[in-house]
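# Structural features, examined
The primary structure of each chain is shown beneath.
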Amino acid sequence: MDPDHVVIRQPVEGSNIPVDLMYLMTWDGLYAPIGLRLPEAGGPHPLVLLASGNGGGGMPWIRDAVANRGYIMERLLDAGYACAWIRYRSEVELGYENGGRLIRDIRQGRDMFNRSPLEYEDEIAIVEQLKEHPAIDPERVFLVGMSHGGEMVLKITSEYHGVRAAVASEPASHEFLALQPDHTAFVDPNTGMRNIEEMQMADLERVMARIDLAKAMERISTIQTPILVMGRDTDHLQGIFRATYELLAEAGKEVEWVSWDHPVHGYIYPSRGPSGDYEVDSTQVQAIDGIIAFLDRYAKQDLTAAR
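Structure report, in brief. (Residues numbered from 1 in each chain as written. Predicted model: local features only at pLDDT ≥ 70, side-chain atom pairs only at ≥ 80, totals over all residues. Heavy atoms only, no water.)

### Here we look at the sheet that holds strand β9 (residues 165-169)
What counts, and what does not: Paired strands are those between which DSSP finds at least two bridges. Helix numbering and strand numbering both begin at the N terminus, where a helix is a DSSP run of H or I of at least 4 residues and a strand a DSSP run of E of at least 2. Fitted lines through C-alpha atoms serve as axes, helices being fitted only where they are in contact, and the angles separating the N-to-C directions of these axes extend from 0 to 180 degrees.
Strand order in the open sheet formed by nine strands is β1-β2-β3-β5-β4-β8-β9-β12-β13, with mixed pairing between adjacent strands. A strand with exactly one partner marks an edge of an open sheet, and here the two such strands are β1 (7-10) and β13 (255-260). When strand polarity is set aside, the average angle formed by the axes of neighbouring strands in this sheet is 20°. Inspection of the sheet shows strand β2 (residues 19-25) paired to strand β3 (residues 31-37) by six bridges, in the antiparallel sense.

Structure representation (structure tokens):
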């Protein structure tokens, strides 16, 4: 095994396509784990990176996601996409808001940064390295992010223009949109950090009234990537999901909106039930059908014409 390119191939239950467990270097030299799967047909393949929620958990998290939330991977593989569950460092509260743009410099021949990289920058580093993989088409890399992973889509595409299109599902984009929480959020006296788990932001007008519109639109202004924003009808953050779409549309960005009525936060990532089989209902099937149709439109588009 090459110590600089660690790859461990393992079988995936119920599938003929294995997973390559890999470690990729982030900008500060630490390593992020991913689980990459490639279609059986020869490449190079379009690639979809799957992100969910806050970071942390390392390789055990990746192995669990591949084993127990792999339904969407099977659908993507059947559609001809390479795909990978990715993991990144833990979210830093208001790290994006307070940290500012990362500046990378050199001192005494080595990296010097103005702050530590954040989790969304880990995903950019992962994208850049996977573009060098011989089985990946570097012009057709896509992102699918759910919850905080959906907000990461916005942070990434605001600064980086190297992905073809992206899906932000139930994007918890309150930090990106510079939203000021109301009384339904509070500061935990034990940590001094905000507790926003039960923040009630289902109403669009209420959300829009609490956004720093100038700051949000400045961040949105640099987005060049087509984005599908997916909501969840009864979610307590549905107003944030919808505001994300509305502001992108107002800024003239290439954006689409769809919302589904489903009881599960993270419905695009069906999981295995007690029987060991995936528990997938018709709404989830339709939602994933829609994701693949959206990706297909850009994966099959003539890139010369698109430019």
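Next, the rest of the story.
### Description of the pairing of strand β8 (residues 136-146)
Here is the rule we go by: Note on exposure labels: buried denotes an accessible area under 20% of the residue type's maximum, exposed denotes more than 50%, and partly exposed covers the range between, all computed with a 1.4 Å probe on protein chains only. A crossover gets the label right-handed when its path from the first strand over the helix to the second runs clockwise, viewed with the strands pointing away from the viewer.
Most of β8 is tucked away: nine of the 11 residues are buried. By the bridge criterion, seven bridges tie strand β4 (residues 45-52) to β8 in an arrangement that is parallel. Bridge pairing links Leu47 to Val141 in β8. In terms of handedness, the path from β8 via helix α5 (residues 148-159) over to β9 forms a crossover that is right-handed.

### What to know about the packing of aromatic side chains
Definition in use: Pairing of aromatic rings covers Phe, Tyr and the six-membered ring of Trp, with a centre-to-centre limit of 6.5 Å; geometry is then stacked below 30 degrees between planes, edge-to-face above 60, and tilted otherwise. Here, a charge over a ring is recorded when the distance from Lys NZ or Arg CZ to the ring centre is within 6 Å and its angle to the ring normal is within 35 degrees.
What the rule picks out here adds up to eight aromatic pairs. Plain terms: the ring middles of Tyr245 and Trp257 are 6.0 Å apart, the flat faces sit at 40° to each other, and that makes the pair tilted. Of this pair, Tyr245 sits in helix α8 (residues 238-250) while Trp257 sits in strand β13, placing them 12 residues apart in sequence. Of the aromatic side chains, those joined through ring pairs into one cluster are Trp61, Trp85 and Tyr269. The lysine or arginine in question, Arg69, covers the ring of Trp85, its NZ or CZ lying 5.1 Å from the ring centre.

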